[in-house]
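Structural characterization, general
Each chain, written out:
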Amino acid sequence: MGKVIAIANQKGGVGKTTTSVNLSASLAAMDKKVLLIDYDPQASTTTSLGIHRQSLKHTIEKVVIGDVQIKDAVFKIENTSLHMIPTTIELSHLGMKVRSTELDEMYILRQRIETIKNDYDYILIDCPPSLGFLALSALHASDSVLVPVQCQYLAIDGLTQLLNTVHTVQKNLKVNHYQLSIEGVLITMLDKRSKAGWQIVHELKEYFQDGVFETIITTNVAVQNAPTHGVSVLQYAPTSMASKLYKSLAKEIIKHNEPQTI
Ligand SMILES: Nc1ncnc2c1ncn2[C@@H]1O[C@H](COP(=O)(O)OP(=O)(O)OP(=O)(O)O)[C@@H](O)[C@H]1O
Ligand SMILES: [Mg+2]
């Protein structure tokens, strides 16, 4: 049974998409069966992996509203074993569309994913920068949430709101005998030369204790350039520090979820 992990933080530009793409690629490179779902109407994950929006017939939005079977919306990313379900801006209207149906709206994504959960080891969902319908339904569909936090001034600000939302979703899920755990807080974009940056790392570790991943993603130019080539940093710069860091994050996740395999 695959594990569904939402990559979420309502703050914009903290590295959700970058984490989704490169962590998925790293897990796939470690022979895990991985499906990445782009659940942000900005479609940054879709374009980062070289999928052209104009050519898209099957998207996650169509899956959720029931026009397309989830299996038929899965793309295999060229030259990798990674699978993904793309999106378009149309996803932003999803809330209105599903509200007019009979189904319990918050659980539709969960129901769709459940039909293919057995086909994967990990299913990652890249969430939009909000705590609106899309992010909430992604949390309702997930087994855990990974929270990327940009290593900068006021990093902790806003996290309380996110954690309160996670607690509310946990309570809702419990009623239906589901669980949502916190996979971990991932510190992103640390400038290793910055004293202030290390001070923020210290504060985050004090605040979240073991909840922070040991791997810290430092600022890296290859990470910024890879999406313009439509590939993950593992393909763009396989020997870069960034590739090593995302593989190290993948190892932490595998160790936590499948201790017997490492
Ligand atoms: N380790 C890194 N080093 C350098 N730049 C990075 C790194 N991680 C992310 N970035 C850059 O930071 C910007 C924001 O990253 P990203 O798009 O992953 O954030 P996001 O949380 O998904 O944003 P949004 O909230 O808009 O969805 C991008 O331009 C990305 O290339
Ligand atoms: Mg994003």
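In what follows, the accompanying structure is described. These numbers come from a predicted model, not from an experiment.

Attention shifts here to the site of ligand 1. Neighbouring ligand 1 are 18 residues, the closest being Lys16, Thr17, Thr18, Thr218 and Asn220. Thr17 is positioned such that a nitrogen or oxygen atom in its backbone is 2.8 Å from an oxygen atom of ligand 1. A distance of 3.2 Å separates an oxygen atom of ligand 1 from a polar side-chain atom of Gln42. In a pocket analysis with a 2 Å cut-off to the grid points, ligand 1 is assigned to the largest pocket. Of all the elements in the fold, those that place two or more residues in the shell around ligand 1 are helix H1 (16-29) and helix H9 (221-225). The biggest single contributor to the shell around ligand 1 is H1, with three residues. Among the residues forming the shell around ligand 1, the class breakdown is five nonpolar, ten polar and three charged.

What follows concerns the packing of helix H6 (residues 133-140) against helix H7 (residues 159-175). Packing of H6 against H7 brings their axes to within 10 Å, and their N-to-C directions diverge by 50°. By the angle between their axes, H6 is oblique relative to H7. Regarding H6 and H7, the two cross each other, and that crossing is right-handed. Taken together, the residues of H7 that come into contact with H6 (itself represented by Leu136, Leu139 and His140) are Thr165, Val169, Asn172 and Leu173. Of the residues contributing to the contact of H6 with H7, the split by class is four nonpolar, three polar and no charged.

A few words on the sheet that holds strand S7 (residues 181-188). Sheet strands pair via backbone hydrogen bonds, and the direction of the pair is either parallel or antiparallel. One open sheet holds the seven strands; their spatial order is S3-S4-S2-S5-S1-S6-S7, and the pairing between them is mixed. Two strands in the sheet have a free side with no partner beyond their single neighbour: strand S3 (75-76) and S7. Where strand S2 (residues 34-38) meets strand S4 (residues 83-85), three bridges bridge the pair, whose relative direction is parallel. Its bridge partner being in S4, Ile37 is matched across the sheet by Ile85. The strands touched by H7 are strand S6 (144-150) and S7; relative to S6, the strand with the most contacts, the crossing angle is about 175°. Seen against the sheet, helix H11 (residues 241-257) touches strand S1 (3-7), strand S5 (122-126), S6 and S7 and runs at an angle of roughly 165° to S7.

Criteria and cut-off values
- Residues numbered from 1 in each chain as written.
- Chains lettered and ligands numbered in written order.
- Predicted model: local features only at pLDDT ≥ 70, side-chain atom pairs only at ≥ 80, totals over all residues.
- Heavy atoms only, no water.
- Near = heavy atom within 4 Å.
- Polar contact = N/O pair within 3.5 Å; in protein donor to acceptor, adjacent residues only side chain to side chain.
- 1 Å grid on protein atoms, 1.4 Å probe; cavity = no way out; pocket = protein on both sides within 12 Å on 5 of 7 lines; lining within 4 Å.
- Sits in = over half its atoms within 2 Å of the grid points.
- Helix = DSSP H or I, 4+ residues; strand = E, 2+ residues; numbered from the N terminus.
- Nonpolar A, V, L, I, M, F, W, Y, C, P; charged D, E, K, R; others polar.
- Axes fitted to C-alpha atoms, helices over the stretch in contact; angles between N-to-C directions.
- Parallel < 35°, antiparallel > 145°, perpendicular 65-115°, else oblique.
- Left-handed = near helix turned anticlockwise from the far one by under 90°.
- Contact = heavy atoms within 4.5 Å.
- Pairing = 2+ DSSP bridges.

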